[in-house]
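Breakdown of the fold
Spelled out, the chains give:
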Amino acid sequence: MNDQIVFDNVSKFYGDVLGINRVNLSIPPGITSLVGPNGSGKTTLMNLLTGLIRPSRGTVTTLGFTADQPEQLFKLVGYCAQFDSFPRGLTGYEFVSSYLRLSGRDAAECDELAWQAIDRVGLREAATRKAAGYSKGMRQRMRLAQAIAHNPRVLILDEPLNGLDPLVRSETIALFRYFAQEGCHVLLSSHVLHEVDIISDQVILMNGGYVVAEGNIKGVRSEIREQPMQIVIRCDHPNTLASRFFQEDHIVEVRMHHDKKGLLIKTSDPDRFFTLMNHVALNGHKLESVAPVDDDVNSVYEYLIGGEDESKS
Amino acid sequence: MSFWLTQIAAVMRLEIKKSFFARRGLWIYLLALAPVFIFALGAFMARNFHVFETTMPANSHLLTQEQLDSVHSGMTRDQVIAQLGEPASSRTKHVRIFDEDGNRIVIQAEDMRYYGEDRSLILDVRNGVVNATMSRGRSTFEQSGYLFATVFQFFFIRLAVFFGCLGIFMNLFRGEMLDKSLHYYLLSPIRREVLLVGKFLAGVVAATVIFTISAALQLAAVFSAFDTNTIARYFNQDHGVSQVIAYLGVTALACIGYGSVFLGAGLLFRNPIFPAAAVLIWEAANPLLPALLKKFSVIYYLKSLCPVPVTTDPGLPSLFKLLVSNGDPISPYLAVFGLLALALLVLWVSSIKIRKLEINYTTE
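Remember, predicted model here, so these are calculated numbers, not experimental data. (Residues numbered from 1 in each chain as written. Chains lettered and ligands numbered in written order. Predicted model: local features only at pLDDT ≥ 70, side-chain atom pairs only at ≥ 80, totals over all residues.)

Looking at the overall build of chain A
Quick reminder of the rule: Strands are runs of DSSP state E lasting at least two residues, helices are runs of H or I lasting at least four, and both sets are numbered from the N terminus onward. With C-beta atoms placed from the backbone, a residue is labelled by how many other C-beta atoms lie within 10 Å of its own: buried for 20 or more, exposed for 12 or fewer, partly exposed between the two. For every residue pair, C-beta atoms are placed from the backbone, and the pair is scored as a contact if these atoms sit within 7 Å.
What chain A contains, in helices and strands, is 11 helices and 13 strands. Looking at chain A as a whole, 41% of its 313 residues are labelled buried. Look at the contacts in chain A between residues 6 or more apart in sequence, and 68% of them connect residues 24 or more apart.

Focus on the overall build of chain B
Counted only if it meets this: It is over C-alpha atoms that the radius of gyration is taken, and the globule rule equals 2.2 Å times the number of residues to the power 0.38.
In terms of regular secondary structure, chain B is built from 14 helices and five strands. A compact globule built from 364 residues would reach a C-alpha radius of gyration of about 21 Å, whereas chain B, at 28 Å, exceeds it by more than 25%. Considered along the principal axes of its C-alpha atoms, chain B spans approximately 90 × 45 × 35 Å. Looking at the 364 residues of chain B, the share that counts as buried comes to 35%. Restricting the contact set of chain B to residue pairs at least 6 apart, pairs at least 24 apart contribute 77%.

Details of the sheet that holds strand β4 (residues 57-62) of chain A
What holds strands together in a sheet is hydrogen bonding between their backbones, with the strands either parallel or antiparallel. All names here are of chain A. Short version of the rule: In this scheme, strands are said to pair when DSSP sees at least two bridges between them. Structural elements are reduced to axes, namely lines fitted to C-alpha atoms, with helices fitted over the stretch in contact, and the angle between N-to-C directions of any two is expressed from 0 to 180 degrees.
Read from one edge to the other, the open sheet built from three strands follows the order β2-β1-β4, with strand pairing classed as antiparallel. Here the strands that pair on one side only, and so sit at the sheet edges, are β2 (17-27) and β4. When the angles between neighbouring strand axes are averaged without regard to direction, this sheet yields 20°. When strand β1 (residues 5-14) meets β2, the two strands line up antiparallel, connected through seven bridges. If you follow Phe13 over to β2, its bridge partner there is Leu18.

Describing the domain arrangement of chain A
The line we're drawing: Residue ranges for the domains trace back to a domain assignment, done automatically or taken from a database.
Domain boundaries assigned for chain A yield domain 1 (5-216) and domain 2 (228-293). Computed from C-alpha atoms alone, the centre-to-centre distance between domain 1 of chain A and domain 2 of chain A is 43 Å.

Thoughts on the interface of chain B and chain A
Heads up, the condition is: All residues other than Ala, Val, Leu, Ile, Met, Phe, Trp, Tyr, Cys, Pro, Asp, Glu, Lys and Arg, Gly among them, are scored as polar; the first ten of these are nonpolar and the last four charged.
Across the contact, 25 residues belong to chain B and 22 residues belong to chain A. Looking at the side of chain B that touches chain A, the elements that each hand over two or more residues are α1 (2-21) and α6 (183-186) of chain B. It is α1 of chain B that contributes the most residues to the side of chain B that touches chain A, nine residues altogether. Residues belonging to the side of chain B that touches chain A are distributed by class as follows: 13 nonpolar, six polar and six charged.

Brief notes about the environment of Lys42 of chain A
Residues and elements named next belong to chain A. With respect to the element layout, Lys42 can be found in helix α1 (residues 42-49). Sequence separation between Lys42 and Thr240 is 198 residues, and the spatial gap between their C-alpha atoms is 48 Å. Apart from residues lying up to four places away in sequence, Lys42 is in contact with Leu34, Gly36, Ser189 and Met206.

Some words on the domain arrangement of chain B
On domain assignment, one finds that chain B holds domain 1 (2-49 + 140-363) and domain 2 (62-137). When each unit is reduced to the centre of its C-alpha atoms, the spacing between domain 1 of chain B and domain 2 of chain B is 50 Å.

Comments concerning the environment of Ala291 of chain A
Residues and elements named next belong to chain A. Residue position: Ala291 is located in strand β13 (residues 287-292). We classify Ala291 as exposed; it has 10 C-beta atoms within 10 Å. Once residues within four sequence positions are removed from consideration, Ala291 is found in contact with Ile231 and Val232.

Examining the confidence of the model for chain B
The test is simple: For every residue, the predictor reports its confidence as pLDDT, a number between 0 and 100.
For chain B, the average pLDDT comes to 86, and 90% of its residues sit at 70 or higher. Reported confidences for the modelled complex are a pTM of 0.81 and an ipTM of 0.83.

Notes on the packing of helix α12 (residues 298-305) of chain B against helix α14 (residues 332-355) of chain B
Residue and element names in this part refer to chain B. The condition is simple: Angle categories: roughly parallel below 35 degrees, roughly antiparallel above 145, roughly perpendicular from 65 to 115, and oblique for all the rest. Note on convention: the crossing is left-handed when the near helix lies turned anticlockwise from the far helix by less than a right angle, right-handed when the turn is clockwise.
Relative to each other, α12 and α14 sit at 155°, their axes nearing to 9 Å. As the angle between them shows, α12 and α14 are arranged roughly antiparallel. Here the hand of the crossing between α12 and α14 comes out left-handed. Of α14, the residues touching α12 (which contributes Val298, Tyr301, Ser304 and Leu305) are Pro332, Ala335, Gly338, Leu339 and Leu342. A class-by-class count of the residues in the contact of α12 with α14 yields seven nonpolar, two polar and no charged.

Focus: unusual backbone geometry
The backbone of Asn9 of chain A shows a phi angle near 50°, a positive value even though the residue is not glycine. Tracing the chain through its elements places Asn9 of chain A in strand β1. Assessed through the 12 C-beta atoms surrounding it within 10 Å, Asn9 of chain A is described here as exposed. In this model, Asn127 of chain B sits at a positive phi of 55°, which is unusual for a non-glycine residue. Mapped onto the elements of the fold, Asn127 of chain B is located in the loop between β4 (119-126) and β5 (129-137).

Looking at the sheet that holds strand β9 (residues 210-215) of chain A
Residues and elements named next belong to chain A. The strand order across the open sheet formed by six strands is β5-β6-β7-β3-β8-β9, and the pairing between neighbours is mixed. Strands at the two margins of the open sheet, each flanked by one partner only, are β5 (77-80) and β9. In this sheet, adjacent strand axes meet at a mean angle of 15° when their direction is disregarded. Two strands pair when backbone bridges link them, and strand β6 (residues 154-158) and strand β7 (residues 185-189) are joined in this way by five bridges, in the parallel orientation. Paired with Leu157 across the bridge in β7 is Leu188.

Description of the confidence of the model for chain A
Residue and element names in this part refer to chain A. This prediction gives chain A a mean pLDDT of 88; 97% of its residues lie at or above 70. Taken element by element, chain A is modelled with least confidence in helix α8 (residues 217-223), mean pLDDT 73, and with most confidence in β5, mean pLDDT 96. pLDDT under 50 marks residues 308-313. Its contacts with residues more than four places away, or in other chains, come to 15 contacts.

Looking at α1 of chain B
Operational definition: Expected helix span is given by 1.5 Å per residue-to-residue step, counting one fewer step than there are residues.
Between its first and last C-alpha atoms α1 of chain B spans 29 Å; for 20 residues at 1.5 Å apiece the expected length is 28 Å, and the two agree. Restricting attention to buried positions, one finds in α1 of chain B the residues Gln7, Ile8, Ala10, Val11, Met12, Leu14, Glu15, Lys18 and Ser19 of chain B. Looking at the packing, one finds that the buried side of α1 of chain B touches α3 (92-101) of chain A together with α5 (141-178) and α7 (192-223) of chain B.

Description of the pairing of β9 of chain A
Residues and elements named next belong to chain A. Bridging between strand β8 (residues 202-207) and β9 involves five bridges; their strand directions are antiparallel. Residue pairing across strands places Ile204 opposite Glu214, the latter belonging to β9. Taking the residues between adjacent antiparallel strands as the criterion, β8 and β9 are bridged by two residues, where Gly208 takes a positive phi near 60°.

Remarks on the environment of Leu188 of chain A
Residue and element names in this part refer to chain A. Structurally, Leu188 can be placed in strand β7. Taking the C-alpha atoms as reference, Leu188 lies 9.8 Å from Tyr79; in sequence the two are 109 residues apart. What Leu188 contacts, discounting residues up to four positions off in sequence, is Ser33, Leu34, Leu157 and Pro160.

Given below as structure tokens:
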């Protein structure tokens, strides 16, 4: 069985309005974050993947199955959508177990799986109460429980950390990591870029319905040639180093740290810079640390999408 | 196949609970119980206040209107008997009156009852003289049966079941879109056609239970106005059992027919008012439609299955005549087959629609 989520030249138009356009993606297992401003096409991408909407053009396959094969696809896929709603009149437990029954499992198995999922999100005590009375965070967690109850291999999560307090956030992130370590796909969208940075194995940056960049975040950063990479060096003699760096044509800017024990370097060629740093170290300069400061999602987002973002935290 | 049946059962478990216990479906119960209440009230009035007569002693004979009209106050008891014969029933009673001196005294009196074709005559006889006459309309079992048949066709099937099915079946998909919870079904490992069948069957169970119970209660209310002998005769001699089964069966078929129509409408239309109005007009205009188009109407089949035809009384308004006329009746077997075929056709069209259904709650 194919282990990739594949978008093959997928476009989606809502009448005249562009949802996404000509998206080609091949997403491997691990945690993949969809990042982009509101209206960039993140939710459209997730809804296309699960068949809640159909592509105007192109095909989407998940582990080899399309949305026209729901009996196979949704045994593998769990989707915690953005809609903060529950079927009327159900308790949290009934909500999770009732929809499990649709897979054809018997009542005892559904009961066991439902309680397992509810325990994973820490809502056992509240599970027998009507879901309509839950707080926002509890609703979010119960919907997550419903999405993971059948132990899917592909977990799709639209803004899954919204409304969660810091403790539950970290527990939820740990749950995502567990799924990723088990070889599952965890595809999530988030506006909280520093969390995306911490948890993601790869990112997909979207803007205006197009995929702007995809892959490992450091790899994406290195592809952005027009933005010099920023590197902080902590050392004993920053003045000597600064004068050395000024001799290199790929060094765009050198700035002294305010405590006089470090430099902020901007280089247009990171590869040559790190080669240079090897020479510097070999020549006896004592270097405390050398660390890029703009190879995170936040910086990449800033460079690629920049001021267009209204929702970035 | 058994896997699909398991899935259909799972969908039905979820949906039946929602259909029966939804707070917003309370009006459907009221709609179903409205005719029960009316018939029960009529029976209660008949039995307790004698607003109209529903019973008649078995040995009584019916008098003509002229014979009943010939009796008046002031006649002696013997004169009455000479003219009308012995009364069908007679009851002695004690009445308190004031004598000429203003003293209260108790005298013996008698109620004599005679029965005509459509009314009864009660004579208040005091001291051997008719003191007062009272005439009451008389309701025969046949008349009540006809009244029930009229209410069944005019109100119950055409309005109560129609709008009840509208409320139950349109909500199966449209209601979940408004609640933003339909996607949970569409994200489950179940074919959308199987989901459609499960929801439809759940709706049929809910609607059939509610409305056949209503029809049964209405019949029970009608029967309760009559004595046990009359009811026993109806069931033993007058095809009562087959008529009751026919009424309940027509109700169930109406739920299937209108249910399929409104399930499809719930997938095709956002606002239930327009399809409801369109279907209501289409059903009402059925007698005017060409023969082929008539077959695409639920009421066309139901009218042929109703056990007691509602004849077009010359005094009826033209609109009512049009509604009840059944100029092109078909055999019961053909009617049942035709209605089920119509329901299947609508479900097949709905299954095409649901396969392409997209979730976009923001436009709902």
